[in-house]
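# Structural overview for review
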Amino acid sequence: MMKKLQGIAVSPGIAIGEAMVLSNEGFRIPKRFVLRDATESEIKRLKSAIADASEELAANRDSMTKELGRKYGDIFEAHLQILNDSKLYGEFVELIREKAYSAEYAVSVTLRRYADVFRRLRNAWLTERINDIFDIEKRLLHLLLGKAREGLNQLTSEVLVLASGLTPSETANLNREFVRGFVTETGGPGGHTAIVAQALEIPAVVGVGSFLTDVSGGDIVIIDGDAGLIIIRPDEGTLEVYRHKLERAHEIAVKLLELRDLEAVTMDGVTINLYGNIEFPSEAVHCLERGADGIGLYRTEFIYLSATSRGIPTEKDHFNAYKTVAKVMGDKVVTIRTFDLGADKLPQLPNPTDERNPALGLRSVRLSLKNTNLFRQQLRAILRASQYGKLRIMFPLIATLLELRQAKMLLADVREELYEEGVPCDPNIQVGMMVEVPAAVIMLDHFAKEVDFLSIGTNDLIQYALAVDRSNLDVVDLYHSEDPAVLKLIRRTIEVADQHGKPVSLCGQMSSDPLFAMLLMGLGLRQFSVSPHTLPEIKQVIRSVTITECRKIAEKVMTFDNHREIRNYLRIKLLERVRGDDV
Ligand code: PEP
Ligand code: MG
């Protein structure tokens, strides 16, 4: 039966394909059907897997009972009884015989249906049994698939990944050739999972809530990254609708790409700098292909996250990545942000004793300033790579002037060290900071005197201004770019930057949303740094409006006292001005 579930749209686009369900261990069912004349041998395979699993379970039961007592042994006895239940076996066999399902698919579909029924009955005892059911599924799949089990980074064909949650390093290591989209039960709009999905330019939906019991590996699913939907086992009519949407999206993308070589200039002649945000060196090309003026944010923490299996990256790893990007971008600016990691995401570092509040803990530049060896290594690499292009350095999460000064001092020291070693680097490399902590906005008069440029990080600024964890699903409805308090912080940042003659861009997610483009220009923003795939769309808005009308829109917006009115108003304005056009 078709099932439609709503989550949070974090990366646009549509994907149709086979599900890979990553419950605990990431099993992938390679084929769902067998030939009609192979069903009996499929049943034999299943029988033998059940026999082997029973043997394993009996052995576990006996050793557990011996070592820890009967109570623990009974856990495995319960699994054994479920596994040998004749009704369950009858259902497996029926699916194989009647529908020509592969043994793996029959096992997965049946057990997940059981788990789903248990879940819906909302009985505490049954809810606990769901894990037992998954455990049995895992054991059988393991035996049936043998070596055919695939990990997320060793895929051999295209899949849509459905998971409970994905860690930043899992997402950073996804096989980019074969993962065509993903959906997670947990997660919020500002998390790194969302950022990676955009970097990979694949549709993604997060925060769907518990749904993995509804779906089996190999099921056909549709991910609608625009509406935040996942459709499991779509019927033919729905498939048709989505195939059509895919075609249409492709046509629009081709049309928007025609804007590539046109300037990002408003109808009244004001030029806007349009930069791209990247996480991986390979994305630099995507920025160029879409006509970006440079890179406004290179999130280098992904070098660390991708390297977790090999350990901490070396200076050479850093250098190679930065040199690649610098060379690809040529004379266009590349803004390298020093690493913005939380201690929880880099397990090799000593763990702080109490990190119950990671967003307020040892993350980002604070971590850099406490681990100066790591920080110096990265600064050396950036400076060394600066001879190959037009690099700039940007420090994240600066909250106090002392932090900024300390970071700049270290940079000066590293520059001196390289000079003494005779290593060439750009002596005038520009140094900037992210404005993403409200304290930085309040003190911006001072900061602006000590940096060459500023970049507003709304993803964090919203989180800290509104006290809403950007990746917590429970408070997602309180997280709004268009909150009037947030807009006042943005407006003030732009004003102060202008007063000091310092360029300011906005590189948070907000600048990638066409809904806000007119408002931001009206507030005086002249530099946008956006996800590469949104470059053409944002350029289209810029080219369709005048600064005069943007100012009027901003003025009106600043009279509203709540986000709802602001959003509604901006929606109407966007429709009137831009969406009424042909794209
Ligand atoms: C931001 O906070 O807006 C930002 C661009 O940085 P990140 O999302 O990497 O924290
Ligand atoms: Mg940030």
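Further up the page is the structure itself.
In what follows, the accompanying structure is described. (Residues numbered from 1 in each chain as written. Chains lettered and ligands numbered in written order. Predicted model: local features only at pLDDT ≥ 70, side-chain atom pairs only at ≥ 80, totals over all residues. Heavy atoms only, no water.)

Below, the discussion takes up the site of ligand 1. Every one of the 15 residues lining ligand 1 counts as a neighbour, but Arg 299, Arg 337, Gly 457, Asn 459 and Arg 470 are closest to it. The separation between an oxygen atom of ligand 1 and a polar main-chain atom of Asn 459 is 2.7 Å. About the coverage of ligand 1: the protein hides 100% of its 290 Å² of free accessible area. No other element matches the three residues that helix α17 (residues 458-466) contributes to the shell around ligand 1. Residues that form the shell around ligand 1 fall into these classes: four nonpolar, four polar and seven charged. (Near = heavy atom within 4 Å. Polar contact = N/O pair within 3.5 Å; in protein donor to acceptor, adjacent residues only side chain to side chain. Areas by Shrake-Rupley, 256 points an atom, 1.4 Å probe, with all protein chains shown as cover. Helix = DSSP H or I, 4+ residues; strand = E, 2+ residues; numbered from the N terminus. Nonpolar A, V, L, I, M, F, W, Y, C, P; charged D, E, K, R; others polar.)

Glancing now at the sheet that holds strand β13 (residues 430-435). What the eight strands build is a closed barrel, ordered β9-β10-β11-β12-β13-β14-β15-β16; its pairing is parallel. Geometrically, the sheet is characterised by an average inter-axis angle of 25 degrees between neighbouring strands, direction not taken into account. As paired strands, strand β12 (residues 390-395) and β13 are joined by four bridges and run parallel to one another. Looking at the pairing, Met 394 lines up with Gly 432 of β13. Helix α20 (residues 535-544) rests against β9 (273-278) and β16 (527-530) of the sheet, and its axis sits at about 160 degrees to β9. (Pairing = 2+ DSSP bridges. Axes fitted to C-alpha atoms, helices over the stretch in contact; angles between N-to-C directions. Contact = heavy atoms within 4.5 Å.)

The next subject is helix α19 (residues 514-522). For α19, the buried fraction is high: nine of the nine residues fall into the buried class. Here α19 has its buried residues at Pro 514, Leu 515, Phe 516, Ala 517, Met 518, Leu 519, Leu 520, Met 521 and Gly 522. (Buried < 20%, exposed > 50% of the residue type's maximum accessible area, 1.4 Å probe, protein only.)

Structurally, Ala 53 is set in helix α1 (residues 39-68). For Ala 53, a relative accessible area of 1% corresponds to the buried category. Separated by 481 residues in sequence, Ala 53 and Thr 534 place their C-alpha atoms 50 Å apart. Ignoring sequence-local partners within four residues, the contact set of Ala 53 consists of Leu 83, Arg 139, Leu 140 and Leu 143.

The protein atoms donating to the magnesium ion (ligand 2) are Glu 436 (OE) and Asp 460 (OD), with metal-donor distances spanning 2.0 to 2.1 Å. With a gap of 24 residues between them, Glu 436 in the loop between β13 and α15 (438-442) and Asp 460 in helix α17 connect regions that are remote in the sequence. Just as Glu 436 is buried, Asp 460 falls in that class too. (Donors = N, O, S within 2.8 Å, 3.2 Å for Na, K, Ca; no water.)

The next subject is helix α13 (residues 372-385). For α13, spanning 14 residues, the distance from its first C-alpha to its last is 20 Å, which sits close to the expected 20 Å at 1.5 Å a residue. Across the 14 residues that make up α13, a large majority, eleven, are buried. What α13 keeps buried is the set Leu 374, Phe 375, Arg 376, Gln 377, Gln 378, Leu 379, Arg 380, Ala 381, Ile 382, Leu 383 and Ala 385. (Expected span 1.5 Å × (residues − 1).)

Inspection of every chain in the model, using the stated rule, returns 33 salt bridges. Note that Glu 104 and Arg 45 form a salt bridge whose closest N and O atoms lie 2.9 Å from each other. Within this pair, whereas Glu 104 is found in helix α4 (residues 103-121), its partner Arg 45 is found in helix α1, the two being separated by 59 residues in sequence. Look at Glu 104 and you get buried, because its relative accessible area is 6%. Residue Arg 113 pairs with Glu 91 through a salt bridge whose shortest N-O separation is 2.6 Å. Pair noted here: Arg 113 is in helix α4 and Glu 91 is in helix α3 (residues 86-99), with a separation of 22 residues, a long-range link. For Arg 113, a relative accessible area of 43% gives the class partly exposed. Overall, the relative accessible area of 16% leaves Glu 91 in the buried class. (Salt bridge = Lys/Arg side-chain N within 4 Å of Asp/Glu carboxyl O.)

On to the nonpolar core, then. Residues Ile 490 and Phe 528 are the most contacted members of the largest nonpolar core, which totals 92 residues. Grouped together as the second largest cluster of nonpolar side chains are 31 residues, Phe 76, Tyr 101, Ala 115 and Phe 134 included. (Core = buried A, V, L, I, M, F, W, Y, C linked by side-chain atoms within 4.5 Å.)

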